[in-house]
Amino acid sequence: MTQFLQTLFDGVTVGCLYALIALGYTMVYGILKFINFAHSDVFALGVWLSITIASWLGIGATGQPTPAWYMGLLVLMGAMVICGLVGFTIERVAYKPLRKAPRLNVLITAIGVSLLLQNLGQQKFTFGPYPKSFPTLMESSSLFSVSGVQVRLSDVAVIGTAVVLMAALQYLIYHTKLGSAMRAVSFNTRNASLMGINVDRVISFTFIVGTMLAAAAGFLYGLKYEGQAKQTADSMWVMLGLKAFVAAVVGGIGNVRGAVLGGLLIGLIEFFGVAYLSSQYRDAYVFAILILVLLLKPEGVLGKATVEKV
Amino acid sequence: MNRLIDHTRQLSPPRWTVLPRAVWPLLAGVVVALIAYYLVGPNISGFSSKLMLIAGTNIILAVSLTVVNGFTGQFSMGHAGFMAVGGYISATITYYGSIKLLGTAEFAGGALSWTGSGAHAGPFIGKGDLIFVASCIMGGLGSAAAGYIVGLPSLRLRGDYLAIVTLGFGEIVRVLLQGTPDQVQPWKASQAVDTPWYELLIKLGGPKGFNLLPTYTTLFWVYLFVVLTLIVCYRLKTSSSGRAFLSIREDEVAAQAMGVDVTKYKVRAFVIASFFAGLAGGLYAMDIGAINAGDLGFQKSFDFIIMVVLGGMGSISGATLAAIILTLLPEVLRDLPPVWPAGLVLLGIMAVVQAVRKHWHVKSLVGVGIGTIVLEGARQFCLSQGINIADFRLILYALLLIVMMIARPQGLFGIREVWELFGRKKKAVGSGQ
Amino acid sequence: MSVSSEFILDVRGIAIAFGGLKAVQDFSLRIPRHGLYGLIGPNGAGKTTCFNLLTGVYQPDSGEVTLDGERLNGRKPHQIAAAGLSRTFQNIRLFGELSVLDNVKLGCHLRGRHAIAGTLLRTAYYTGQERAIESRSMELLEMFGLAARAGEQSKNLPYGDQRRLEIARALATEPKVLLLDEPAAGMNPQEKLELRALIRKVRDQFGLAILLIEHDMGVVMNLCEHITVLNFGQTIATGSPEKVQNDPKVVEAYLGTE
Ligand SMILES: Nc1ncnc2c1ncn2[C@@H]1O[C@H](COP(=O)(O)OP(=O)(O)O)[C@@H](O)[C@H]1O
Ligand SMILES: [Mg+2]
């Protein structure tokens, strides 16, 4: 029972992270109809920016006294703002010239951007090729335990932040003018621009929001796995991003609520697979689910089947 | 107007022409391979011949990926995964097959596969060679089967799903292969002889990789398969199936309306590409004498994608050229020669071609000129600062992809072959007006 | 079979809605074996959507389509093409990078066999078939006056030629019924005149039925034996050109929008 609850808890926590990343994929897909391949690298950028900003602020790895609570918030904000700027730049420089190009070309460009970010990140003048460990931003002893499940402060922070961000996004999309512009562009770009919506601005904004969420996920990832050391070149970054993409597809790509649902689902499947089957095939479960969904309901759990206009 | 079927038999060529048409590629392959192995190989440095060999496998991989990504306009990102599937299958067959059939995992080939020093005293082709070639083909078939399983569900869907599924497939393959138990070491071959097949087949070395394989891959085998790959892919492209592939890439809706079973042809292209990727995997494994799934992750797939995109999405000769260039590029960058002579020569050729065709394209001339100046400037800068460009190779590739998509999205050659660019416009056949 | 012997295409009450938009409602039509029928209506009336429903691009929400006694519902577009229904597109959809000849050759694809072994080994059957495809395609191009441009990339053809090439490509599939979506759009008066003759010639020479969507009344009224008028997805009139022309509902539909 304890193992079950613990797995459930871990699955939900990591599922929240997947959901945050998946939101970026899904929002871009909803509007531009292409897979923003570079999104997983923006997520990794979020992780590394968090580490870097933390070390600027003098926050080290495990062992040092825990910093003040607002330091974490500062790191989060910093990472989100810088990533947002990067996302904006990528869209303007690499994707905007290709608005009318076939989707395949945009996909290839996105791969180019992804490779660029990956390789730039490993350079000596950026984050360097050596492993660095996630800083300790809060008390790592467990806060309380419910029937054997250890709940740490950082877990609460991860889930809490993720929920707050998702609620903010929900509000943004359904209760603001900008949000309705986003929905209009996603529904029909041409009609939206005919109705006087500045499509380029909406797209830029979507990218900024999406990358900021990915940055937040990067920060929270570091928070959850504090003390662990990782390399910039580690393929796990792309892998995490990919799983988030799978989450977006499983939930129904282009559908914001689907992304959240898909994220949680993928997190749970991964952790239950690891706990009850074998930890070796961790990545395989997620992709097995992807193939299953594509076979049975290609439009995803919450997605609607669409017909291409001919 | 008559129906198509009424003409077909009437227009069939005489029977005796069929056999030569079917087998000349094989003969051509053997001839080229013999030349590569006996004339070219011994007369260049060991390092150069190694590069030539790697270029050969890269040609097979890039050209086969062209069939999917170029002809049908789908987007596979798991080519290295298929290479891994084929490579491991052939490694298994060669290694354990040798142990089972010959009692040892040592090299047991003939002169054609000899990679050791000195002349080979022995037959032209040995028992080991047969096992090796059979294993490569089995690797190709196994990889093709995997391609079918992966392609069928994903190719029914919109194009970009294939990218994700193949990427995921590559990672699953890697994870599964890295989870296998240790291999039976060569010095324990005598014990392995009595172990049943099915127990050996899963002992693939796990994270350490599958090592100490006998090396059979020589310029002969590589270039034999290069020629076969090129001819097969060219025959595909210029066939009715090839037209179906290209029509899907051009306009899937129209292709369907004209009666092309789009899924079937996408799967067909994908399976063929997987076959050659698997084959190349076998050549790769028995060249290095080892194969490790960790080296064949999606990063490796990107190498081939870059070759295809650069060469032209759909140009066999373009992909071949790109494979050669990108194989040599790291070496060239390591010790960068001046750029401007090459730039001048290129400018000269382009000017002559354009003058002859009386069709001036000033923009391309200026572009090449500026490109040369910029590259030369960058080279001088790096030399003066002591920067080694080879370290920034991947960044350059990434930038190349982005710039290419914005400036020349169809790649260097588009779907055309190199010779089609310089020749006159194809004359209409049998036109009377 | 009783119905199918007289009518080659039998459409009974097909309908489709996109979200709230009822693009086509209860559309019925029967075309006799060598009929030349027209489908008209203001922009956005649902004409192209009808073609998409017939050719399997969209699946109808309700209703039934029968071609020469074969039920087409639920079939994929390529299966419907194989059953003998071919079409052109309003917004031309040629294979732009391919040559004019290859576009028509692709149309011939449907009636051939394309086994992979034969393709790679260049067997006698394969080679004979390739030659048959080539000669048949050239015949079609000659009929459409495009033979001289056979080697050019189809995207480089003038507009009118592209429209005709689409018809040639559709004919290469050996259809029983040909659907033409605004074949005269973008043509000059001279070309339109020639097109009229061409469409008649196609019908007579190939012995097939044609259903065409057209805005040019000169073309429609002269060519078609029978006309169906759509407005907002509904059939508002059907009958001979004279009858339809004088129908008050039709006049209203056109005046209301133009
Ligand atoms: N795939 C689709 N999704 C949503 N609306 C569609 C789709 N296809 C057609 N429509 C709508 O159906 C209506 C009829 O379109 P259409 O058949 O193209 O008209 P026309 O008679 O001009 O050919 C239009 O309002 C169009 O916007
Ligand atoms: Mg229309």
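The structure reproduced in this document is the subject of the present report. Numbers given for residues are sequential positions, taken from 1 along each chain in its written order. All chains are assigned letters beginning with A, and all ligands numbers beginning with 1, in the order in which they are written. Two thresholds apply to this predicted model, a pLDDT of at least 70 for residue-level local features and 80 or more for giving and counting side-chain atom pairs, whereas whole-chain, interface and lining totals are computed over all residues. Hydrogen atoms and water are omitted, and side-chain values are computed over all heavy atoms in the structure.

**Concerning the interface of chain B and chain A**
Link 1 in the chain: Residue contacts are defined here by distance: any two heavy atoms, one from each residue, within 4.5 Å place the two residues in contact. Contact with chain B, which involves 40 residues of that partner, is made by 46 residues of chain A.
Link 2 in the chain: Here's the idea: put two parts together, see how much 1.4 Å probe accessible area each one loses, and the total over both is what we call buried area. Summed over both partners, the interface of chain B with chain A buries about 3700 Å², with 78% contributed by carbon and sulfur atoms.
Link 3 in the chain: Only one rule defines a salt bridge in this text: a Lys or Arg side-chain nitrogen within 4 Å of an Asp or Glu carboxyl oxygen. Taken together, chain B and chain A are joined by zero salt bridges.
Link 4 in the chain: Definition of a polar contact: a pair of N or O atoms within 3.5 Å, with one able to donate and the other able to accept a hydrogen when the atoms are protein atoms, and with sequence-neighbouring residues admitted only if both atoms are side-chain atoms. Here chain B is connected to chain A by three residue pairs in polar contact (both at pLDDT 80 or more).
Link 5 in the chain: Looking at the side of chain B that touches chain A, the elements with two or more residues in it are helix 6 (159–178), helix 13 (298–311) and helix 17 (393–407) of chain B.
Link 6 in the chain: Secondary structure elements follow DSSP: runs of H or I of four or more residues count as helices, runs of E of two or more count as strands, with numbering from the N terminus. The leading source of residues in the side of chain B that touches chain A is helix 6 of chain B, at 13 residues.

**Examining the pattern of salt bridges**
Link 1 in the chain: Tallied over the full model, the rule gives 36 salt bridges over all chains.
Link 2 in the chain: With a shortest N-O distance of 3.0 Å, A:D283 and A:K243 are connected by a salt bridge. Taken as a pair, A:D283 in helix 11 (residues 282–296) and A:K243 in helix 9 (residues 236–251) lie far apart in primary sequence, 40 residues in all.
Link 3 in the chain: We call a residue buried when its accessible area falls under 20% of the maximum for its residue type, exposed when it is over 50%, and partly exposed in between, using a 1.4 Å probe and counting protein chains only. With a relative accessible area of 4%, A:K243 lands in the buried category.
Link 4 in the chain: Where C:D161 meets C:R164, a salt bridge forms, and the shortest distance between an N and an O atom there is 2.4 Å. A residue pair is termed a helical-turn pair when its members lie 3 or 4 positions apart in one helix, as C:D161 and C:R164 do in helix 7 (residues 159–172) at three residues.
Link 5 in the chain: For C:R164, a relative accessible area of 13% gives the class buried.
Link 6 in the chain: Each of A:E91, A:R92, A:K96, A:R99 and A:D200 takes part in salt bridges that share partners, so that together they form one network.

**Some words on the sheet that holds strand 10 (residues 234–239) of chain C**
All names here are of chain C.
Link 1 in the chain: Only when DSSP finds a minimum of two bridges between them are two strands counted as paired. Taken in spatial order, the six strands line up as 6-7-8-3-9-10 in an open sheet, and their pairing is mixed. Looking at strand neighbours, the two that pair on one side only are strand 6 (85–87) and strand 10, the edges of this open sheet. Sheet twist, expressed as the average angle between the axes of neighbouring strands with direction ignored, equals 20°.
Link 2 in the chain: Of the pairings in the sheet, the one linking strand 6 to strand 7 (residues 177–181) comprises three bridges and is parallel in character. Bridging across to strand 7, R87 finds its partner in L179.
Link 3 in the chain: Axis angles are defined between N-to-C directions and span 0 to 180 degrees, where every axis is a line fitted to C-alpha atoms and, for a helix, only to the segment in contact. Packed onto the sheet, helix 7 meets strand 6 and strand 7 and runs at close to 160° relative to strand 7.
Link 4 in the chain: Most of the contacts of helix 8 (residues 189–206) go to strand 8 (residues 209–213), to which it runs at about 155°, and overall it touches strand 3 (36–40), strand 7 and strand 8.

**Remarks on the packing of aromatic side chains**
Link 1 in the chain: The pairing test for Phe, Tyr and Trp rings, Trp by its six-membered ring, is centres within 6.5 Å, and the orientation test on the planes gives stacked under 30 degrees, edge-to-face over 60, and tilted for anything in between. Counted by the stated rule, this structure contains 29 aromatic pairs over all chains.
Link 2 in the chain: Note on B:F107 and B:W114: the rings are 5.6 Å apart at their centroids and 55° apart in plane angle, and the pair reads as tilted.
Link 3 in the chain: On the accessibility criterion, B:F107 (26% relative accessible area) is partly exposed.
Link 4 in the chain: Looking at B:W114, the relative accessible area reads 27%, which means it is partly exposed.
Link 5 in the chain: Between B:F107 and B:Y216, the aromatic rings sit 5.0 Å apart at their centres with planes inclined by 35°, giving tilted as the arrangement. Placement of B:F107 in the loop between helix 4 (79–102) and helix 5 (127–154) and of B:Y216 in the loop between helix 8 (197–200) and helix 9 (219–237) is noted, with a sequence separation of 109 residues between them.
Link 6 in the chain: Exposure remark for B:Y216: the relative accessible area of 0% places this residue in the buried category.
Link 7 in the chain: Cluster of aromatic residues (ring-pair linked, three or more members): A:F43, A:W48, A:F127, A:F134, A:Y221, A:Y225 and A:W237.
Link 8 in the chain: A cation over a ring is seen here: A:K224 above A:Y225, with NZ or CZ 5.4 Å from the ring centre.
Link 9 in the chain: Over a ring means this: the NZ of a Lys or the CZ of an Arg is within 6 Å of the ring centre and within 35 degrees of the ring normal. Sitting over the face of the ring of C:F95, C:R169 holds its NZ or CZ atom 4.7 Å from the ring centroid.

**Describing the layout of surface pockets**
Link 1 in the chain: In this model, the second largest pocket occupies a volume close to 690 Å³.
Link 2 in the chain: The wall of the second largest pocket is formed by 31 residues, among which B:N58, B:K300, B:D303, B:P330 and B:R393 lie closest to the centre.
Link 3 in the chain: At the level of elements, helix 4 (103–121) of chain A together with helix 3 (46–71), helix 12 (262–288), helix 13, helix 14 (316–334) and helix 17 of chain B are the ones that each hand at least two residues to the lining of the second largest pocket.
Link 4 in the chain: Here the lining of the second largest pocket is built from residues that sort into 16 nonpolar, seven polar and eight charged.
Link 5 in the chain: For the lining of the second largest pocket, the two domains that each supply at least three residues are domain 1 (26–328) and domain 2 (333–422) of chain B. Points on a 1 Å grid, built from protein atoms alone, make a cavity when a 1.4 Å probe fits but cannot get out and make a pocket when they are open with protein on both sides within 12 Å along at least 5 of 7 lines; residues with an atom within 4 Å of a point are the lining residues. Grid points are joined across faces, edges and corners, and a volume is the space filled by probe spheres set on the points. Charged residues are taken to be Asp, Glu, Lys and Arg, nonpolar residues to be Ala, Val, Leu, Ile, Met, Phe, Trp, Tyr, Cys and Pro, and polar residues to be all remaining types, Gly included. Domain borders in the structure are assigned automatically or taken from a domain database.

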